[in-house]
Amino acid sequence: MGNHNCVMKVTQAIATSVLVAIACVTFIFSSPSAHAAGPGRIFGQLLDGTNKNAPVARQSVTLQMAQGNTATDLASVTTDARGSYAFGNLSTAKTISYALYIRYQGAQYNSALITLNTKPVQQVNLTVYQATTSTANMAIVRATVLLHKPDAQKGIIPVSELFIFRNLDLRTYVGSLDASHGKPNALRFSLPHTARNVSLGKGFDGYKAIQVDRGFATDAPVPPGDSQFAFTFDVPYTLSSYDFDYTIVYPTVQLALLIPPEIHATSDTLKGQGPVTANLDTYNLLQANPLLANKQVHVQLDGLPAITPTTNSTTPNSTPGWLIVALLIMAAILFGTWFLYRSSHRASSRKKGARQRQQPTKTVSAPAKADKTADNEQVLLTELLDLDKALEAGKITKAVYQERRAKTKARLRALMSEKVTS
């Protein structure tokens, strides 16, 4: 961050507002005293997903009730020897929602929203996982970096980033911000060298972050499966050109950079894919895949507007309203450009297969072997994604899904282990 301080703003209000805008419905919270107790009941088991869903005893599970503008922790109970819990005498009003949550080994786990107006008695199990401090089985499926239109009055380029992590372990990655023995072992994100005014959104709610080198670290966990993290920041500029530098922290299947058409961007790592449209705006897409950890990426930006400060200019800090819009755009772009990732991967796979059929076998050099390993990682990660989608669409049974997913994860873990030891 050079001469600029990285200011962490963990804003629960912003994260909540974004969820409201994206989902159009969310928790509707109010005082529990406004409604008399009803026949509703929520019961279930606390299960250990790391150990074949074994019951977890002697842990505190909390039930939260939601209505209006407030959220209230209604009650907490301790699980019995079978991991069971139950909450009774609950209101079944349609305006009230419930959710279960627990803090377990440094990570918080939540249930989906529960409404009792049509089904007063419901079983809702809650799954937790053992914690690990290893990132060996973790990768980024997609990293999207969105450059907004430069603000010439403030001399900044607002930037939004959205990451989709995939944890192939059966344990939740939980880092620590303890830096007493050097850099903390925690989830890390890189930033351009002049980044400032960092505001954390989706994925960071309820967790802490500290500056580390030219980026930041957070104790936010990454459970098995996919997790999303989003944040925004400002990049100040003084000239018409700017070197947007970026470090790949974790193995990344795909990195996408979206830039306003009035800015000319070139990179020796990311290749232009043409214009894409998201939220009625057009961006030029630059893309690279796959990328190994510690890869340095530079994007040269040219054609930035001349700075025209005004006497009434406000502080360059991002306003909550702007952050909400930025994260909404990121959500739209995530869905709008995912098809490009899938299409480009399938096209490259077909071309690669054709080349392999035509070319004779040859010895693989060390760099070529690394490239082949990265390609294989991409294929396996995509297979996992396709399995998830097939299960959601009802094309395969859960038993078949679990068997294929376990085999694919084992192959990917073995591949990552080979890369670490090579």
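Everything in this summary refers to the structure shown in the same document.

What counts, and where the lines are drawn
Note on numbering: residues in each chain are counted from 1, in written sequence order. Residues qualify for local features only when their pLDDT is at least 70, as the model is predicted, and side-chain atom pairs are given and counted only at 80 or more; totals for whole chains, interfaces and linings, by contrast, use all residues. No hydrogens and no water enter the side-chain calculation; it runs on all heavy atoms of the structure. Put simply, DSSP marks the helices as runs of H or I at least four residues long and the strands as runs of E at least two long, and each gets a number from the N terminus on. Any pair of residues with heavy atoms lying within 4.5 Å of one another is described as a contacting pair. Within this document, salt bridges are pairs made up of a side-chain nitrogen of Lys or Arg and a carboxyl oxygen of Asp or Glu, the two lying within 4 Å of each other. Residue burial is assigned from relative accessible area. The probe radius is 1.4 Å, only protein chains are included, and a residue is buried under 20% of its type maximum, exposed over 50%, and partly exposed in between. Two strands make a pair as long as DSSP finds a minimum of two bridges between them. Under the rule applied, a polar contact is a pair of N or O atoms within 3.5 Å (in protein, one hydrogen donor and one hydrogen acceptor; residues adjacent in sequence only if both atoms are side-chain atoms).

### Regarding the overall build of the protein
Okay, so step 1: A count of helical and extended segments in the protein gives four helices and 25 strands.
Okay, so step 2: Taking contacts inside the protein between residues at least 6 apart in sequence as the whole, the part at least 24 apart equals 76%.

### Topic: the pattern of salt bridges
Okay, so step 1: Under the counting rule described, the total for this entry stands at four salt bridges.
Okay, so step 2: Between Arg166 and Asp226 there is a salt bridge, with the nearest N and O atoms lying 2.6 Å from each other. With Arg166 in strand β13 (residues 156-167) and Asp226 in strand β19 (residues 225-236), this residue pair connects regions lying 60 residues apart in the sequence.
Okay, so step 3: In this structure, the salt-bridge partner of Arg214 is Asp245, at a minimum N-O distance of 2.2 Å. With a gap of 31 residues between them, Arg214 in the loop between β17 (209-212) and β18 (215-218) and Asp245 in strand β20 (residues 242-247) connect regions that are remote in the sequence.
Okay, so step 4: Take Asp245: its relative accessible area is 5%, and that puts it in the buried class.

### Quick look at the pairing of strand β8 (residues 107-110)
Consecutive side chains of a regular strand alternate in pointing toward one face of the sheet and then the other.
Okay, so step 1: A one-sided burial pattern is seen for β8, the buried positions being Ala107 and Tyr109 and the unburied ones Gln108 and Asn110.
Okay, so step 2: Inspection of the sheet shows strand β7 (residues 97-104) paired to β8 by four bridges, in the antiparallel sense. The residue bridging Arg103 from the neighbouring strand is Gln108, located in β8.
Okay, so step 3: In this antiparallel pair of consecutive strands, β7 and β8, the connection spans two residues, and Gln105 shows a positive phi of 50°.

### A look at the side chain of Thr172
Okay, so step 1: By secondary structure assignment, the location of Thr172 is in strand β14 (residues 172-173).
Okay, so step 2: A polar contact is formed between the side chain of Thr172 and the side chain of Tyr109, at a distance of 2.7 Å.

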